[in-house]
Amino acid sequence: MKKMKAALVGAGNRGCVYADYCFDEPNELEIVAVVEPNEIRREEAKKRYGLPETACFENLDGFLREKIVCDFVINATMDEQHYETAKAIMEAGYDMLLEKPITANKDELLDLQRIAKERNLKVNVCHVLRYTPYYKRIKEIINSGKIGKILTIEMNEHVGIAHFLDSFVRGKWNSEARCGSSFLLQKSCHDMDLLCWLNNETTPARVFSFGKRAWFIKENAPEGATEYCHDCPHNATCLYSAQKVHLELDAMPFQTWMEMGKPIDEITKEEKAEWLKTSHYGLCAYNSGGDIVDRQTVNVEFANGSTCVFTMVGGICRAGRYLHVCGTKGEIEGNIEDEKFVLRIFDRSEGKFDYDEEVIDVSNEIRDTTDYGGHGGGDYAIMYELVRYLNGDNSSISITGIDDSINGHLVVYAADKSRKTGVVYNIGD
Ligand SMILES: NC(=O)c1ccc[n+]([C@@H]2O[C@H](COP(=O)([O-])OP(=O)(O)OC[C@H]3O[C@@H](n4cnc5c(N)ncnc54)[C@H](O)[C@@H]3O)[C@@H](O)[C@H]2O)c1
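Residues numbered from 1 in each chain as written. Predicted model: local features only at pLDDT ≥ 70, side-chain atom pairs only at ≥ 80, totals over all residues. Heavy atoms only, no water.

Colleague: How would you summarise the sheet that holds strand S1 (residues 4–9) if you had to cite specific residues and measurements?
Modeller: Pairing in this open sheet of six strands is parallel, and the strands run S3-S2-S1-S4-S5-S6 from one edge to the other. The open sheet is flanked by strand S3 (56–57) and strand S6 (123–125), the only strands paired with a single partner. (Pairing = 2+ DSSP bridges. Helix = DSSP H or I, 4+ residues; strand = E, 2+ residues; numbered from the N terminus.)

Colleague: Go over the packing of helix H11 (residues 189–198) against helix H16 (residues 406–421), please, and point to the residues and values.
Modeller: The description of two packed helices rests on the angle between their axes and on the distance between the axes. Packing of H11 against H16 brings their axes to within 8 Å, and their N-to-C directions diverge by 125°. It follows that H11 is oblique to H16 by the angle criterion. Here H11 and H16 pass one another in a crossing that is right-handed. Contacts between H11 and H16 pair Cys-189, Met-192, Asp-193 and Cys-196 from the former with Asn-407, Gly-408, Val-411 and Val-412 from the latter. Looking at side-chain class alone, the contact of H11 with H16 contains five nonpolar, two polar and one charged residues. (Axes fitted to C-alpha atoms, helices over the stretch in contact; angles between N-to-C directions. Parallel < 35°, antiparallel > 145°, perpendicular 65-115°, else oblique. Left-handed = near helix turned anticlockwise from the far one by under 90°. Contact = heavy atoms within 4.5 Å. Nonpolar A, V, L, I, M, F, W, Y, C, P; charged D, E, K, R; others polar.)

Colleague: Explain the sheet that holds strand S7 (residues 150–160) residue by residue, including any values.
Modeller: Strands pair in a sheet through their backbones, by hydrogen bonds, and they do so in one of two ways: parallel or antiparallel. Within the open sheet, the nine strands sit side by side as S14-S13-S12-S11-S7-S10-S9-S8-S15. Their pairing is mixed. Of all the strands in the sheet, just strand S14 (354–361) and strand S15 (425–426) have a single pairing partner and so form its edges. Sheet topology note: the strand S13 (residues 340–347)/S14 ladder contains eight bridges and is antiparallel. Residue pairing across strands places Lys-340 opposite Asp-361, the latter belonging to S14. In the packing of helix H7 (residues 133–144) onto the sheet, contacts are made with S7, strand S11 (320–327), strand S12 (330–335), S13 and S14, and the angle to S13 comes to roughly 15°. Against the sheet, H16 makes contact with strand S8 (204–212), strand S9 (295–302) and S15, and its axis sits at roughly 45° relative to S8, the strand it touches most.

Colleague: Can you explain the domain arrangement of the protein chain? Please cite residues and give values.
Modeller: How big an interface is tends to be reported as the loss of accessible area on association of its parts. When its domains are assigned, the protein chain resolves into domain 1 (4–125), domain 2 (130–216 + 290–362 + 401–426) and domain 3 (218–287). Domain 1 and domain 3 are separated by 33 Å when their C-alpha centres are compared. Facing the four residues of domain 1 at the interface are six residues of domain 3. Both faces combined, the contact of domain 1 with domain 3 buries some 370 Å², and carbon together with sulfur accounts for 58% of it. (Domains from an automatic or database assignment. Buried area = accessible area lost by both parts, 1.4 Å probe.)

Colleague: How would you explain the site of the ligand if you had to name every residue and give the values?
Modeller: With respect to spatial proximity, 29 residues lie near the ligand, and among them Arg-14, Glu-36, Asp-79, Gln-186 and His-190 are the closest. A distance of 3.0 Å is found between an oxygen atom of the ligand and a side-chain nitrogen or oxygen belonging to His-82. Within the backbone of Cys-126, an N or O atom sits 3.3 Å from a nitrogen atom of the ligand. Coverage of the ligand by the protein chains reaches 87% of its 850 Å² of free accessible surface. Counting only elements with at least two residues in the shell around the ligand, the list comes to helix H1 (13–19) and helix H5 (82–91). (Near = heavy atom within 4 Å. Polar contact = N/O pair within 3.5 Å; in protein donor to acceptor, adjacent residues only side chain to side chain. Areas by Shrake-Rupley, 256 points an atom, 1.4 Å probe, with all protein chains shown as cover.)

Colleague: Provide a residue-level description of the nonpolar core, including the pertinent values.
Modeller: In terms of nonpolar packing, the biggest core is built from 120 residues, with Phe-63, Phe-72 and Ile-74 touching the most fellow members. Residues in contact with Phe-72, not counting those within four places in the same chain, are Met-4, Lys-5, Ala-6, Ala-7, Leu-29, Asp-95, Met-96, Leu-97, Met-383, Leu-386 and Leu-390. Counting seven residues, the second largest nonpolar core, distinct from the first, contains Leu-247, Met-260, Ile-267 and Tyr-281. (Core = buried A, V, L, I, M, F, W, Y, C linked by side-chain atoms within 4.5 Å. Buried < 20%, exposed > 50% of the residue type's maximum accessible area, 1.4 Å probe, protein only.)

Colleague: Hey, could you go over the packing of aromatic side chains for me, with residue numbers and the actual values?
Modeller: Evaluated as defined, the whole model comprises 19 aromatic pairs. Arranged with centres 5.6 Å apart and planes meeting at 90°, the rings of Tyr-134 and Phe-341 form a pair that is edge-to-face. Highlighted residues: Tyr-134 in helix H7 and Phe-341 in strand S13, separated in sequence by 207 residues. Of the two residues, Tyr-134 and Phe-341, both sit in the buried class. Counting every residue linked through ring pairs, the aromatic cluster contains Phe-164, Phe-168, Trp-173, Phe-183, Trp-215, Phe-216, Tyr-240 and Tyr-286. The ring of Tyr-389 has Lys-122 sitting right over it, with the charged end atom 5.2 Å from the ring centre. (Phe/Tyr/Trp six-rings, centres within 6.5 Å; stacked < 30°, edge-to-face > 60°. Lys NZ or Arg CZ within 6 Å of the ring centre and 35° of its normal.)

Colleague: Give me the environment of Phe-168: which residues, what numbers.
Modeller: Of note, Phe-168 is situated in helix H8 (residues 161–169). The class for Phe-168 is buried, based on a relative accessible area of 1%. Phe-168 sits 15 residues away from Phe-183 along the chain, and the two C-alpha atoms are 7.8 Å apart. If sequence neighbours within four positions are ignored, Phe-168 has contacts with His-163, Trp-173, Asn-174, Phe-183, Gln-186, Lys-187, Arg-213 and Ile-292.

Colleague: Explain H16 residue by residue, including any values.
Modeller: Each α-helix winds once per 3.6 residues, and so residues spaced three or four apart point in a common direction. With 16 residues, H16 ought to run about 22 Å at 1.5 Å a step, and its terminal C-alpha atoms sit 23 Å apart, in line with that. In terms of burial, H16 is largely enclosed, as twelve of its 16 residues are buried. When H16 is considered as a whole, its buried residues turn out to be Ile-406, Gly-408, His-409, Leu-410, Val-411, Val-412, Tyr-413, Ala-414, Ala-415, Asp-416, Ser-418 and Arg-419. Looking one or two residues past H16, Gly-422 carries a phi angle of roughly 75°, positive in sign. (Expected span 1.5 Å × (residues − 1).)

Colleague: Requested: an account of unusual backbone geometry, with residues and values cited.
Modeller: Each neighbour pair has its own omega, and for Lys-100 with Pro-101 the value is -10°, a cis peptide bond. Positionally, Pro-101 belongs in the loop between strand S5 (95–98) and helix H6 (106–118). We note that Asp-250 has phi near 45°; this positive angle belongs to a residue other than glycine. With respect to the secondary-structure elements, Asp-250 resides in the loop between helix H12 (242–248) and helix H13 (253–256). Non-glycine residue Glu-350 carries a positive phi angle of around 50°.

Colleague: Can you explain the pairing of strand S4 (residues 72–75)? Please cite residues and give values.
Modeller: Consecutive side chains of a regular strand alternate in pointing toward one face of the sheet and then the other. Side chains Phe-72 and Ile-74 project from S4 onto one buried face, and the interleaved Val-73 and Asn-75 project onto a second face that is buried too. Two strands pair when backbone bridges link them, and S4 and S5 are joined in this way by four bridges, in the parallel orientation. Looking at the pairing, Val-73 lines up with Met-96 of S5. Each parallel crossover has a hand, and the one from S4 via H5 to S5 is right-handed. (Right-handed = clockwise from strand over helix to strand, strands pointing away.)

Take a look at the structure:
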């Protein structure tokens, strides 16, 4: 197998997760260039991947002008930069691993699909959950026909309290206007992708959604709550205290302290405490200026009549993704956090009228080499499968081109429109 050379565009949290595969499997991947406007991050990436100055670029134009030779580009810029950067990278003829969401806009989505097709490029979207042993095994069972024809799919995503506060209440995805993504697009586009991928014998036809931000709003703040948590009288008891979640527990350091203008491991606790007094990460959770929904449901009807109900909620006790697929011959039920699921199959053999139940445990198959998260092994597995795919191995059921990521995004766009208008949308419209 040929060792792949990749350029990293956007050396932030996610970009480094993918690029770090070169340390896990040094015979399979080498990072040969980095494009990163933030000087601290560019310097860190330069050191981390042992790059010469001539391979480090402040912007994409500089990189493209140099015509750097590599097998693919990892595009891990923020949501609102995906379209412009992806277009430029593809027009320069590079294959690409592109972070999700592809873009927030249907015209842009279809434009990127067109460019990939016209130029015959391999463009793979970072739907990392597809690559987890958990969902991959579920997909294999569905494809095998064991549970028959899919009748319904129930799914939910419960976002844990620290994650929700750090990303969607106070953090960089708390406002649709600022980050360019709704909650469904930023976070649950994984779920809409899984839904369309697991049920890709058919296509989504009609979509309806409810949802709003109705808990993390100023009307719900306890009496006497202050603008920032550091001097709030409710600090000791409030579930959402920034002093507790961000400073004391430091639940997501790679995000919380990113804007402090210093390498994170050099920032002292005193500096963090001082910064929280004026930063959006120190604001009262009920009055943090965000508008991203804190609950949403999505109903999808597929062309063959199968249906899906999806629920997302943020800020709850136990994070996880639950799934229940009911088919004509059996069903699959589980939560990815358990690293196992149950398969039930009807049994009419020898006069019986019963079902068999089998627990399928995938915990031994998960490889997680990241410091935080790892997405049930998906962060490692996507790179493992990608380098093989780029080497000509087409055996993965998880890897598909950009075409297979379109439907999930169309469901997201339709659901968000429906949430805002109260109208049922036809995907074809
Ligand atoms: N696949 C997943 O499960 C998953 C999980 C979290 C986030 N994401 C997505 O990953 C993407 C990156 O998120 P992140 O948390 O790593 O963000 P980040 O802010 O840590 O990293 C983005 C980096 O891109 C750089 N950048 C900005 N403009 C650029 C440009 N024109 N060219 C090159 N670099 C540029 C920024 O300076 C920053 O360092 C987002 O789209 C996010 O939605 C995906």
